Amino acid sequence: MKDQLLKRIQDRTAVVGVVGLGYVGLPLAIEFARAGFTVIGYDVSEPIVAALMAGHSHIQDVPSGAVAAEVAAGRFVATTNESELRNCDTVSIAVPTPLSKTRDPDMSFVQSATEAIARNCHPGMLVVLESTTYPGTTREVMQPRIVEKGLTVGKDVFLAFSPERVDPGNPTWHTKNTPKVVGGLTPECTEVATALYSACIDVVVPVASAEAAELVKLLENTFRAVNIGLVNEMAIVCDKLGVNVWEVIDAAATKPFGFMKFTPGPGIGGHCIPLDPHYLAWKMRTLNYKTRFIDLASEINSEMPEFVVRKVARALNDERKATNGSRILVLGVAYKKDIDDMRESPALDVMRLLEQRGAIVSFHDPYIPSFREDGVIHTGVALTREQLESSDAVVIVTDHSGVDYQFVVDHATLVVDTRNSTLRLHPSRARLVTLTSHHGE
Ligand code: SAJ
(Lines give C-alpha, C1' and ligand atoms only; values in the text may rest on other atoms or scores of the structure.)
Protein backbone atom coordinates (compact mmCIF):
# COMPACT_ATOMS: atom_id res chain seq x y z
CA MET A 1 0.00 0.00 0.00
CA LYS A 2 2.76 2.39 1.01
CA ASP A 3 4.73 1.97 -2.21
CA GLN A 4 1.59 2.33 -4.30
CA LEU A 5 0.69 5.59 -2.54
CA LEU A 6 4.27 6.89 -2.81
CA LYS A 7 4.15 6.22 -6.55
CA ARG A 8 0.84 8.02 -6.96
CA ILE A 9 2.24 10.99 -5.08
CA GLN A 10 5.37 10.90 -7.21
CA ASP A 11 3.49 10.84 -10.51
CA ARG A 12 0.81 13.25 -9.26
CA THR A 13 -2.02 10.81 -9.90
CA ALA A 14 -2.87 10.83 -6.18
CA VAL A 15 -6.09 12.76 -5.50
CA VAL A 16 -5.41 15.19 -2.64
CA GLY A 17 -8.12 16.20 -0.19
CA VAL A 18 -8.16 19.24 2.09
CA VAL A 19 -10.80 19.46 4.83
CA GLY A 20 -11.45 23.04 5.93
CA LEU A 21 -10.88 25.83 3.36
CA GLY A 22 -9.90 28.68 5.67
CA TYR A 23 -6.69 30.68 6.06
CA VAL A 24 -4.73 27.39 6.36
CA GLY A 25 -6.63 24.97 4.12
CA LEU A 26 -7.19 27.19 1.09
CA PRO A 27 -3.55 28.24 0.55
CA LEU A 28 -2.54 24.59 1.05
CA ALA A 29 -5.13 23.35 -1.48
CA ILE A 30 -3.88 25.88 -4.06
CA GLU A 31 -0.26 24.83 -3.53
CA PHE A 32 -1.19 21.15 -4.01
CA ALA A 33 -3.07 22.07 -7.21
CA ARG A 34 -0.11 24.10 -8.47
CA ALA A 35 2.09 21.04 -7.84
CA GLY A 36 -0.06 19.16 -10.34
CA PHE A 37 -2.43 17.21 -8.09
CA THR A 38 -6.17 17.03 -8.50
CA VAL A 39 -7.40 18.62 -5.26
CA ILE A 40 -10.76 18.17 -3.61
CA GLY A 41 -11.46 20.86 -1.03
CA TYR A 42 -14.20 19.92 1.44
CA ASP A 43 -15.88 22.54 3.60
CA VAL A 44 -19.20 22.61 5.42
CA SER A 45 -19.94 26.18 4.27
CA GLU A 46 -22.08 26.31 1.10
CA PRO A 47 -21.34 30.03 0.50
CA ILE A 48 -17.58 29.50 0.76
CA VAL A 49 -17.69 26.50 -1.60
CA ALA A 50 -19.90 28.33 -4.11
CA ALA A 51 -17.66 31.40 -4.06
CA LEU A 52 -14.52 29.30 -4.57
CA MET A 53 -16.08 27.45 -7.50
CA ALA A 54 -16.92 30.86 -8.97
CA GLY A 55 -13.22 31.77 -8.63
CA HIS A 56 -13.57 34.06 -5.58
CA SER A 57 -11.24 33.81 -2.59
CA HIS A 58 -12.43 34.74 0.91
CA ILE A 59 -8.88 34.61 2.28
CA GLN A 60 -6.83 37.83 2.24
CA ASP A 61 -3.56 36.04 1.42
CA VAL A 62 -5.03 34.02 -1.49
CA PRO A 63 -5.82 36.10 -4.60
CA SER A 64 -9.06 35.15 -6.36
CA GLY A 65 -7.05 34.81 -9.57
CA ALA A 66 -5.11 31.94 -8.03
CA VAL A 67 -8.32 30.13 -7.14
CA ALA A 68 -9.91 30.81 -10.53
CA ALA A 69 -6.85 29.50 -12.35
CA GLU A 70 -6.87 26.14 -10.53
CA VAL A 71 -10.65 25.79 -10.83
CA ALA A 72 -10.47 26.56 -14.56
CA ALA A 73 -7.63 24.04 -14.99
CA GLY A 74 -9.83 21.43 -13.33
CA ARG A 75 -7.20 20.87 -10.63
CA PHE A 76 -9.24 22.27 -7.74
CA VAL A 77 -12.81 21.41 -6.85
CA ALA A 78 -14.54 22.69 -3.72
CA THR A 79 -17.44 20.70 -2.34
CA THR A 80 -19.73 20.31 0.66
CA ASN A 81 -20.32 16.67 -0.22
CA GLU A 82 -18.25 14.59 2.22
CA SER A 83 -18.53 11.43 0.13
CA GLU A 84 -16.14 13.09 -2.34
CA LEU A 85 -13.47 12.27 0.25
CA ARG A 86 -13.83 8.64 -0.82
CA ASN A 87 -12.03 9.59 -4.05
CA CYS A 88 -9.04 11.02 -2.18
CA ASP A 89 -5.76 9.22 -1.63
CA THR A 90 -4.60 11.81 0.93
CA VAL A 91 -6.59 14.12 3.21
CA SER A 92 -5.17 17.09 5.15
CA ILE A 93 -7.37 18.48 7.95
CA ALA A 94 -7.23 22.23 8.62
CA VAL A 95 -10.27 22.95 10.78
CA PRO A 96 -10.47 25.28 13.80
CA THR A 97 -9.41 24.17 17.27
CA PRO A 98 -10.84 26.92 19.47
CA LEU A 99 -10.93 26.95 23.25
CA SER A 100 -14.19 26.75 25.15
CA LYS A 101 -15.15 29.57 27.55
CA THR A 102 -13.56 27.52 30.34
CA ARG A 103 -10.28 27.44 28.39
CA ASP A 104 -10.67 23.74 27.56
CA PRO A 105 -9.92 22.44 24.05
CA ASP A 106 -12.96 22.41 21.77
CA MET A 107 -12.20 19.37 19.62
CA SER A 108 -15.62 19.29 17.99
CA PHE A 109 -14.37 20.42 14.57
CA VAL A 110 -11.52 17.90 14.56
CA GLN A 111 -13.92 15.17 15.66
CA SER A 112 -16.46 16.00 12.92
CA ALA A 113 -13.73 16.04 10.30
CA THR A 114 -12.38 12.73 11.60
CA GLU A 115 -15.84 11.14 11.48
CA ALA A 116 -16.35 12.38 7.91
CA ILE A 117 -13.01 10.90 6.89
CA ALA A 118 -13.64 7.65 8.77
CA ARG A 119 -16.91 7.24 6.87
CA ASN A 120 -15.03 7.64 3.60
CA CYS A 121 -11.57 6.27 4.20
CA HIS A 122 -10.19 3.28 2.33
CA PRO A 123 -7.00 1.19 2.26
CA GLY A 124 -4.04 3.18 0.98
CA MET A 125 -5.21 6.54 2.36
CA LEU A 126 -2.99 9.10 4.15
CA VAL A 127 -4.65 11.40 6.70
CA VAL A 128 -2.72 14.40 8.05
CA LEU A 129 -4.00 16.62 10.88
CA GLU A 130 -2.77 20.24 10.64
CA SER A 131 -4.97 21.93 13.24
CA THR A 132 -3.07 23.07 16.31
CA THR A 133 -3.96 20.77 19.19
CA TYR A 134 -2.68 19.11 22.36
CA PRO A 135 0.02 16.44 22.06
CA GLY A 136 -1.54 13.00 21.64
CA THR A 137 -4.56 14.09 19.57
CA THR A 138 -3.52 12.28 16.39
CA ARG A 139 -2.94 9.03 18.24
CA GLU A 140 -5.74 9.23 20.83
CA VAL A 141 -8.56 10.99 18.93
CA MET A 142 -7.99 10.22 15.26
CA GLN A 143 -6.41 6.78 15.18
CA PRO A 144 -9.29 4.93 16.93
CA ARG A 145 -11.89 6.32 14.49
CA ILE A 146 -9.81 5.37 11.47
CA VAL A 147 -8.82 1.87 12.59
CA GLU A 148 -12.44 1.05 13.49
CA LYS A 149 -12.75 0.30 9.79
CA GLY A 150 -10.37 -2.62 10.24
CA LEU A 151 -7.44 -0.71 8.76
CA THR A 152 -3.92 -1.05 10.18
CA VAL A 153 -2.05 2.24 10.71
CA GLY A 154 1.34 2.20 8.97
CA LYS A 155 0.34 -0.66 6.73
CA ASP A 156 -2.85 0.09 4.82
CA VAL A 157 -3.65 3.54 6.24
CA PHE A 158 -1.22 6.29 7.21
CA LEU A 159 -1.73 8.94 9.93
CA ALA A 160 0.47 11.97 10.65
CA PHE A 161 0.47 15.46 12.19
CA SER A 162 1.90 18.48 10.40
CA PRO A 163 1.55 21.88 12.11
CA GLU A 164 0.37 24.87 10.08
CA ARG A 165 2.64 27.92 10.18
CA VAL A 166 0.50 30.43 8.34
CA ASP A 167 1.24 34.00 9.39
CA PRO A 168 -1.69 35.98 7.98
CA GLY A 169 -0.54 39.07 6.10
CA ASN A 170 3.13 38.10 6.11
CA PRO A 171 4.55 39.45 2.83
CA THR A 172 7.56 37.11 2.83
CA TRP A 173 6.58 33.75 4.27
CA HIS A 174 3.83 31.76 2.58
CA THR A 175 2.68 28.14 2.57
CA LYS A 176 5.17 27.07 -0.11
CA ASN A 177 8.36 28.62 1.31
CA THR A 178 7.76 28.06 5.03
CA PRO A 179 9.45 24.85 6.24
CA LYS A 180 6.88 22.19 7.12
CA VAL A 181 7.32 19.81 10.06
CA VAL A 182 5.80 16.32 9.67
CA GLY A 183 5.49 13.52 12.24
CA GLY A 184 3.69 10.18 11.68
CA LEU A 185 2.25 7.55 14.02
CA THR A 186 4.75 5.13 12.47
CA PRO A 187 7.92 5.62 10.36
CA GLU A 188 5.94 4.59 7.25
CA CYS A 189 3.36 7.29 8.06
CA THR A 190 6.14 9.88 8.38
CA GLU A 191 7.64 8.71 5.07
CA VAL A 192 4.39 9.01 3.14
CA ALA A 193 3.42 12.36 4.67
CA THR A 194 6.91 13.70 3.96
CA ALA A 195 6.59 12.63 0.31
CA LEU A 196 3.22 14.36 -0.02
CA TYR A 197 4.29 17.73 1.41
CA SER A 198 7.64 17.61 -0.40
CA ALA A 199 5.65 17.73 -3.64
CA CYS A 200 4.43 21.27 -2.94
CA ILE A 201 6.48 22.78 -0.09
CA ASP A 202 10.13 23.73 -0.49
CA VAL A 203 11.43 22.35 2.82
CA VAL A 204 9.88 19.46 4.78
CA VAL A 205 11.21 18.50 8.23
CA PRO A 206 10.31 14.97 9.37
CA VAL A 207 10.31 14.29 13.14
CA ALA A 208 10.08 11.00 15.01
CA SER A 209 6.40 11.01 15.97
CA ALA A 210 3.06 12.79 15.71
CA GLU A 211 3.48 13.90 19.33
CA ALA A 212 6.81 15.54 18.49
CA ALA A 213 5.18 17.42 15.59
CA GLU A 214 2.26 18.47 17.82
CA LEU A 215 4.70 19.79 20.42
CA VAL A 216 6.80 21.69 17.83
CA LYS A 217 3.82 23.91 17.09
CA LEU A 218 2.99 24.41 20.75
CA LEU A 219 6.60 25.32 21.55
CA GLU A 220 6.62 27.86 18.70
CA ASN A 221 3.49 29.62 19.87
CA THR A 222 4.17 29.30 23.60
CA PHE A 223 7.57 30.85 22.89
CA ARG A 224 5.75 33.86 21.40
CA ALA A 225 3.12 34.13 24.13
CA VAL A 226 5.75 33.98 26.91
CA ASN A 227 8.05 36.53 25.28
CA ILE A 228 5.16 38.89 24.56
CA GLY A 229 4.18 38.50 28.22
CA LEU A 230 7.76 39.35 29.19
CA VAL A 231 7.82 42.62 27.22
CA ASN A 232 4.34 43.50 28.43
CA GLU A 233 5.57 43.10 32.01
CA MET A 234 8.59 45.22 31.02
CA ALA A 235 6.14 47.91 29.88
CA ILE A 236 4.48 47.85 33.30
CA VAL A 237 7.92 48.04 34.94
CA CYS A 238 8.94 51.00 32.74
CA ASP A 239 5.67 52.75 33.46
CA LYS A 240 6.40 52.57 37.18
CA LEU A 241 9.95 53.79 36.67
CA GLY A 242 9.07 56.51 34.15
CA VAL A 243 11.27 54.94 31.45
CA ASN A 244 10.30 54.64 27.76
CA VAL A 245 9.87 50.88 27.19
CA TRP A 246 10.24 51.21 23.40
CA GLU A 247 13.64 52.85 23.80
CA VAL A 248 14.73 50.07 26.15
CA ILE A 249 13.58 47.34 23.76
CA ASP A 250 15.05 48.99 20.67
CA ALA A 251 18.36 49.45 22.44
CA ALA A 252 18.32 45.83 23.69
CA ALA A 253 17.61 44.73 20.13
CA THR A 254 20.98 46.17 19.05
CA LYS A 255 22.50 43.11 20.70
CA PRO A 256 23.51 41.11 17.61
CA PHE A 257 23.14 37.73 19.32
CA GLY A 258 21.07 36.11 22.03
CA PHE A 259 18.15 38.53 21.92
CA MET A 260 14.91 38.53 19.92
CA LYS A 261 12.73 41.65 19.79
CA PHE A 262 9.12 41.51 20.87
CA THR A 263 6.95 44.57 21.39
CA PRO A 264 4.49 45.38 24.18
CA GLY A 265 0.93 46.27 23.32
CA PRO A 266 -2.69 46.30 24.48
CA GLY A 267 -2.77 42.51 24.77
CA ILE A 268 -2.65 39.58 22.36
CA GLY A 269 -5.25 38.51 19.84
CA GLY A 270 -5.69 36.08 17.00
CA HIS A 271 -6.74 32.48 16.92
CA CYS A 272 -3.32 31.11 17.82
CA ILE A 273 -1.13 32.86 20.34
CA PRO A 274 -3.77 33.49 23.00
CA LEU A 275 -5.16 29.97 22.61
CA ASP A 276 -2.58 27.41 21.51
CA PRO A 277 -0.47 27.38 24.70
CA HIS A 278 -3.63 26.51 26.64
CA TYR A 279 -3.85 23.27 24.70
CA LEU A 280 -0.53 22.25 26.21
CA ALA A 281 -1.51 23.56 29.66
CA TRP A 282 -4.73 21.56 29.51
CA LYS A 283 -2.98 18.33 28.51
CA MET A 284 -0.33 18.73 31.23
CA ARG A 285 -3.07 19.29 33.84
CA THR A 286 -4.38 15.84 33.00
CA LEU A 287 -0.87 14.62 33.88
CA ASN A 288 -0.84 16.63 37.12
CA TYR A 289 1.71 19.13 35.91
CA LYS A 290 1.21 22.94 36.01
CA THR A 291 2.79 24.74 33.07
CA ARG A 292 3.62 27.92 34.99
CA PHE A 293 5.17 29.91 32.11
CA ILE A 294 2.01 29.50 30.02
CA ASP A 295 -0.27 30.49 32.89
CA LEU A 296 1.86 33.48 33.92
CA ALA A 297 2.19 34.80 30.34
CA SER A 298 -1.54 34.46 29.86
CA GLU A 299 -2.18 36.33 33.12
CA ILE A 300 0.04 39.26 32.13
CA ASN A 301 -1.12 39.41 28.50
CA SER A 302 -4.76 39.34 29.62
CA GLU A 303 -4.30 42.29 31.96
CA MET A 304 -2.94 44.60 29.25
CA PRO A 305 -6.34 45.90 28.06
CA GLU A 306 -7.09 47.02 31.65
CA PHE A 307 -3.61 48.58 31.83
CA VAL A 308 -4.37 50.58 28.66
CA VAL A 309 -7.78 51.71 29.91
CA ARG A 310 -6.23 52.88 33.18
CA LYS A 311 -3.70 54.82 31.12
CA VAL A 312 -6.52 56.48 29.16
CA ALA A 313 -8.41 57.32 32.37
CA ARG A 314 -5.26 58.83 33.87
CA ALA A 315 -4.60 60.92 30.74
CA LEU A 316 -8.19 62.23 30.71
CA ASN A 317 -7.96 62.93 34.40
CA ASP A 318 -4.91 65.12 33.75
CA GLU A 319 -7.31 67.29 31.72
CA ARG A 320 -9.91 67.25 34.49
CA LYS A 321 -12.07 64.92 32.41
CA ALA A 322 -13.71 61.73 33.60
CA THR A 323 -13.72 58.68 31.39
CA ASN A 324 -17.43 58.65 32.09
CA GLY A 325 -19.07 60.63 29.29
CA SER A 326 -15.83 61.15 27.34
CA ARG A 327 -15.95 60.56 23.59
CA ILE A 328 -13.18 58.09 22.77
CA LEU A 329 -12.10 56.98 19.30
CA VAL A 330 -10.34 53.61 19.14
CA LEU A 331 -7.98 53.54 16.16
CA GLY A 332 -7.37 50.03 14.75
CA VAL A 333 -9.42 47.07 16.04
CA ALA A 334 -7.97 44.09 14.08
CA TYR A 335 -5.92 41.75 16.27
CA LYS A 336 -2.70 42.89 14.60
CA LYS A 337 -1.59 45.39 11.96
CA ASP A 338 -2.46 45.22 8.28
CA ILE A 339 -4.97 42.40 8.45
CA ASP A 340 -8.78 42.30 8.63
CA ASP A 341 -9.21 39.69 11.39
CA MET A 342 -10.88 40.55 14.70
CA ARG A 343 -10.61 37.20 16.46
CA GLU A 344 -9.74 37.59 20.15
CA SER A 345 -8.67 41.15 19.37
CA PRO A 346 -7.62 43.07 22.51
CA ALA A 347 -9.40 46.06 20.99
CA LEU A 348 -12.68 44.38 21.88
CA ASP A 349 -11.60 44.28 25.54
CA VAL A 350 -10.37 47.88 25.47
CA MET A 351 -13.67 49.11 23.98
CA ARG A 352 -15.75 47.09 26.42
CA LEU A 353 -13.76 48.30 29.44
CA LEU A 354 -14.03 51.92 28.29
CA GLU A 355 -17.79 51.57 27.84
CA GLN A 356 -18.07 50.00 31.28
CA ARG A 357 -16.50 53.21 32.62
CA GLY A 358 -19.15 55.25 30.81
CA ALA A 359 -17.13 56.36 27.80
CA ILE A 360 -18.84 56.92 24.44
CA VAL A 361 -16.68 54.72 22.22
CA SER A 362 -16.37 54.68 18.43
CA PHE A 363 -13.74 53.02 16.27
CA HIS A 364 -11.98 53.41 12.95
CA ASP A 365 -10.19 50.58 11.19
CA PRO A 366 -9.34 50.77 7.47
CA TYR A 367 -9.51 46.97 7.24
CA ILE A 368 -12.71 46.56 9.26
CA PRO A 369 -15.61 48.85 8.30
CA SER A 370 -17.86 46.96 10.69
CA PHE A 371 -17.95 43.80 12.78
CA ARG A 372 -20.52 41.68 14.56
CA GLU A 373 -20.10 40.77 18.22
CA ASP A 374 -22.68 38.96 20.34
CA GLY A 375 -25.16 39.45 17.52
CA VAL A 376 -24.70 43.23 17.46
CA ILE A 377 -23.24 44.96 14.37
CA HIS A 378 -20.67 47.64 15.25
CA THR A 379 -19.96 50.09 12.45
CA GLY A 380 -16.77 52.12 12.29
CA VAL A 381 -16.52 55.87 11.68
CA ALA A 382 -14.50 57.71 9.04
CA LEU A 383 -11.21 59.21 10.20
CA THR A 384 -12.13 62.83 9.59
CA ARG A 385 -10.88 66.09 11.10
CA GLU A 386 -14.28 66.58 12.77
CA GLN A 387 -14.17 63.08 14.26
CA LEU A 388 -10.72 63.75 15.71
CA GLU A 389 -11.51 67.25 16.98
CA SER A 390 -14.70 66.03 18.67
CA SER A 391 -12.95 63.15 20.47
CA ASP A 392 -11.73 63.64 24.03
CA ALA A 393 -9.15 60.92 23.37
CA VAL A 394 -7.94 58.82 20.47
CA VAL A 395 -6.49 55.42 21.48
CA ILE A 396 -4.22 53.72 18.95
CA VAL A 397 -4.82 50.03 19.67
CA THR A 398 -3.73 48.45 16.35
CA ASP A 399 -1.09 50.21 14.31
CA HIS A 400 -2.18 49.66 10.70
CA SER A 401 0.47 50.98 8.30
CA GLY A 402 -1.99 52.83 6.06
CA VAL A 403 -3.22 55.32 8.68
CA ASP A 404 -1.94 58.96 8.54
CA TYR A 405 -0.84 59.31 12.16
CA GLN A 406 0.42 62.85 11.59
CA PHE A 407 -3.12 63.79 10.55
CA VAL A 408 -4.38 62.15 13.75
CA VAL A 409 -2.05 64.01 16.10
CA ASP A 410 -2.58 67.30 14.23
CA HIS A 411 -6.32 67.27 14.90
CA ALA A 412 -6.86 65.25 18.08
CA THR A 413 -6.43 66.79 21.53
CA LEU A 414 -5.22 63.65 23.29
CA VAL A 415 -3.69 60.52 21.72
CA VAL A 416 -2.92 57.40 23.78
CA ASP A 417 -0.53 55.35 21.67
CA THR A 418 -0.24 51.68 22.73
CA ARG A 419 1.89 50.69 19.71
CA ASN A 420 4.56 53.40 19.45
CA SER A 421 3.08 54.62 16.13
CA THR A 422 3.60 58.30 16.93
CA LEU A 423 7.31 58.17 17.68
CA ARG A 424 8.70 60.11 14.72
CA LEU A 425 5.88 62.58 14.09
CA HIS A 426 6.24 66.37 14.01
CA PRO A 427 5.16 68.28 17.11
CA SER A 428 1.41 68.46 17.03
CA ARG A 429 -1.72 69.83 18.63
CA ALA A 430 -2.45 66.59 20.47
CA ARG A 431 -0.94 65.64 23.79
CA LEU A 432 0.75 62.29 23.28
CA VAL A 433 0.64 59.56 25.92
CA THR A 434 2.30 56.19 25.36
CA LEU A 435 2.13 52.93 27.31
CA THR A 436 4.85 54.14 29.65
CA SER A 437 4.42 57.94 29.68
CA HIS A 438 3.26 58.25 33.25
CA HIS A 439 4.77 56.98 36.46
CA GLY A 440 2.52 54.07 37.31
CA GLU A 441 0.08 54.15 40.25
N1 SAJ B 1 1.97 40.68 19.50
C2 SAJ B 1 2.49 41.55 20.44
N3 SAJ B 1 3.84 41.73 20.50
C4 SAJ B 1 4.69 41.06 19.65
C5 SAJ B 1 4.13 40.17 18.70
C6 SAJ B 1 2.78 40.00 18.64
O7 SAJ B 1 1.76 42.18 21.22
O8 SAJ B 1 5.90 41.28 19.74
C9 SAJ B 1 0.52 40.45 19.46
C10 SAJ B 1 -0.09 40.81 18.13
O11 SAJ B 1 -0.50 42.16 18.12
C12 SAJ B 1 -1.28 39.86 18.05
C13 SAJ B 1 -0.81 38.62 18.80
O14 SAJ B 1 0.29 39.06 19.61
O15 SAJ B 1 -2.40 40.40 18.71
C16 SAJ B 1 -0.35 37.48 17.89
O17 SAJ B 1 0.51 38.02 16.97
P18 SAJ B 1 1.48 37.10 16.03
O19 SAJ B 1 2.48 38.03 15.46
O20 SAJ B 1 1.97 35.93 16.77
O21 SAJ B 1 0.56 36.68 14.80
P22 SAJ B 1 -0.53 35.54 14.51
O23 SAJ B 1 -1.20 35.08 15.74
O24 SAJ B 1 -1.35 36.04 13.38
O25 SAJ B 1 0.28 34.37 13.85
C26 SAJ B 1 1.14 33.60 14.59
C27 SAJ B 1 2.30 33.43 13.63
N28 SAJ B 1 3.07 34.65 13.72
C29 SAJ B 1 4.38 34.83 13.72
O30 SAJ B 1 5.14 33.90 13.85
C31 SAJ B 1 4.89 36.22 13.48
C32 SAJ B 1 2.92 32.18 13.94
O33 SAJ B 1 3.35 32.20 15.27
C34 SAJ B 1 1.94 31.05 13.68
O35 SAJ B 1 2.15 30.56 12.37
C36 SAJ B 1 0.52 31.49 13.78
O37 SAJ B 1 0.46 32.39 14.87
C38 SAJ B 1 -0.37 30.28 13.98
O39 SAJ B 1 -1.21 30.07 13.12
O40 SAJ B 1 -0.14 29.56 14.97
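Residues numbered from 1 in each chain as written. Predicted model: local features only at pLDDT ≥ 70, side-chain atom pairs only at ≥ 80, totals over all residues. Heavy atoms only, no water.

Q: Can you break down the domain arrangement of the protein residue by residue, with the values?
A: Along its sequence, the protein is carved into domain 1 (2-208) and domain 2 (210-441). Relative placement of domain 1 and domain 2: their C-alpha centres are 34 Å apart. With 32 residues of domain 1 in contact, the opposing surface of domain 2 contributes 27 residues. Interface area for domain 1 against domain 2, summed over the two sides, is near 2,500 Å², with a carbon-plus-sulfur share of 58%. At the junction of domain 1 and domain 2, the tally comes to six salt bridges. A salt bridge links K336 to D167; its shortest N-O distance comes to 2.6 Å. On the surface where domain 1 and domain 2 come into contact, there are 15 residue pairs in polar contact (both at pLDDT 80 or more). Elements that contribute at least two residues to the side of domain 1 that touches domain 2 include exactly helix 6 (137-147) and strand 7 (180-184). Class assignment of the residues belonging to the side of domain 1 that touches domain 2 gives a composition of 14 nonpolar, 10 polar and eight charged. (Domains from an automatic or database assignment. Contact = heavy atoms within 4.5 Å. Buried area = accessible area lost by both parts, 1.4 Å probe. Salt bridge = Lys/Arg side-chain N within 4 Å of Asp/Glu carboxyl O. Polar contact = N/O pair within 3.5 Å; in protein donor to acceptor, adjacent residues only side chain to side chain. Helix = DSSP H or I, 4+ residues; strand = E, 2+ residues; numbered from the N terminus. Nonpolar A, V, L, I, M, F, W, Y, C, P; charged D, E, K, R; others polar.)

Q: Break down the site of the ligand for me, citing the residues and quoting the values.
A: Lining the immediate environment of the ligand, one finds 20 residues, of which E164, K217, N221, T263 and Y335 sit closest. Measuring from an oxygen atom of the ligand, one finds a side-chain N or O atom of K336 at 3.2 Å. Here the ligand, which alone exposes 730 Å², has 87% of that area covered by the protein. Here the shell around the ligand takes four residues from helix 8 (residues 210-241), the largest share from any one element. (Near = heavy atom within 4 Å. Areas by Shrake-Rupley, 256 points an atom, 1.4 Å probe, with all protein chains shown as cover.)

Q: Describe the nonpolar core, naming the residues involved and giving the relevant values.
A: Counting residues in hydrophobic clusters, the biggest one holds 125 residues, and the most contacted among them are F32, F37, V39, F76, I117, Y197 and L354. No other element matches the nine residues that helix 8 contributes to this core. Here this core spans two domains, since at least three of its residues come from each of domain 1 (2-208) and domain 2 (210-441). Those residues in contact with V39, other than ones at most four positions away along the chain, are V16, V18, A29, F32, A33, R75, F76 and V77. L383, V403, Y405 and V409 belong to the second-largest nonpolar core, a separate cluster that totals 13 residues. (Core = buried A, V, L, I, M, F, W, Y, C linked by side-chain atoms within 4.5 Å. Buried < 20%, exposed > 50% of the residue type's maximum accessible area, 1.4 Å probe, protein only.)

Q: So what about the sheet that holds strand 9 (residues 327-331)? Which residues, and what values?
A: Ordered in space as 10-9-13-14-15, the five strands form an open sheet in which the pairing is parallel. Since the sheet does not close on itself, it has two edges, and those belong to strand 10 (360-364) and strand 15 (431-434), each with one partner. Ignoring which end each strand starts from, the neighbouring axes of this sheet average 20° apart. Both strand 9 and strand 13 (residues 393-396) contribute to a ladder of four bridges, which runs parallel. Note that in strand 13 the partner of V330 across the bridge is V395. Contacting strand 9, strand 13, strand 14 (414-417) and strand 15, helix 12 (residues 304-317) runs over the sheet at an angle of about 155° to strand 14. Packing against the sheet, helix 13 (residues 346-356) makes contact with strand 9 and strand 10, and its axis sits at approximately 160° to strand 10. (Pairing = 2+ DSSP bridges. Axes fitted to C-alpha atoms, helices over the stretch in contact; angles between N-to-C directions.)

Q: Summarise the packing of aromatic side chains; cite the residues concerned and give the values.
A: Counting across every chain of the model gives five aromatic pairs. For the ring pair F32 and F37, a centre distance of 6.0 Å and an interplane angle of 80° mean the geometry is edge-to-face. Each member of the pair, F32 as well as F37, carries the same accessibility label: buried. With a centroid separation of 5.7 Å and an interplanar angle of 70°, the aromatic rings of F223 and F262 are classed as edge-to-face. Taken as a pair, F223 in helix 8 and F262 in the loop between helix 9 (245-252) and helix 10 (276-286) lie far apart in primary sequence, 39 residues in all. (Phe/Tyr/Trp six-rings, centres within 6.5 Å; stacked < 30°, edge-to-face > 60°.)

Q: An account of the pattern of salt bridges is needed here, citing residue identities and associated values.
A: Counted by the stated rule, this structure contains 27 salt bridges. Note that D349 is salt-bridged to R352, the shortest N-O span being 2.6 Å. In this pair, D349 and R352 both sit in helix 13, three residues apart, roughly one turn of the helix. On the basis of relative accessible area, R352 is assigned to the partly exposed category, the value being 39%. It is possible to trace a salt-bridge network through shared partners that takes in E115, R145 and E148.

Q: For helix 3 (residues 46-53), give the residues involved together with the corresponding values.
A: Near the N-terminus of helix 3, the side chain that reaches the backbone nitrogen of I48, with its oxygen 3.1 Å away, is that of S45. A positive backbone phi angle near 85° is found at G55, which sits one or two residues after helix 3.

Q: Kindly report on a nonpolar patch on the surface, identifying the contributing residues and their values.
A: Residues M234, V237, L241, V243 and V248 make up a contiguous nonpolar surface patch of about 360 Å² in total accessible area. With three residues, helix 8 is the single largest residue contributor to the nonpolar patch. Locating V248 in the fold gives a position in helix 9. Residue V248 is classed as partly exposed on the basis of its relative accessible area, which comes to 34%. (Patch = residues over 30% accessible without salt bridge, like charges linked within 9 Å, V, L, I, M, F, W, Y side chains within 5 Å.)

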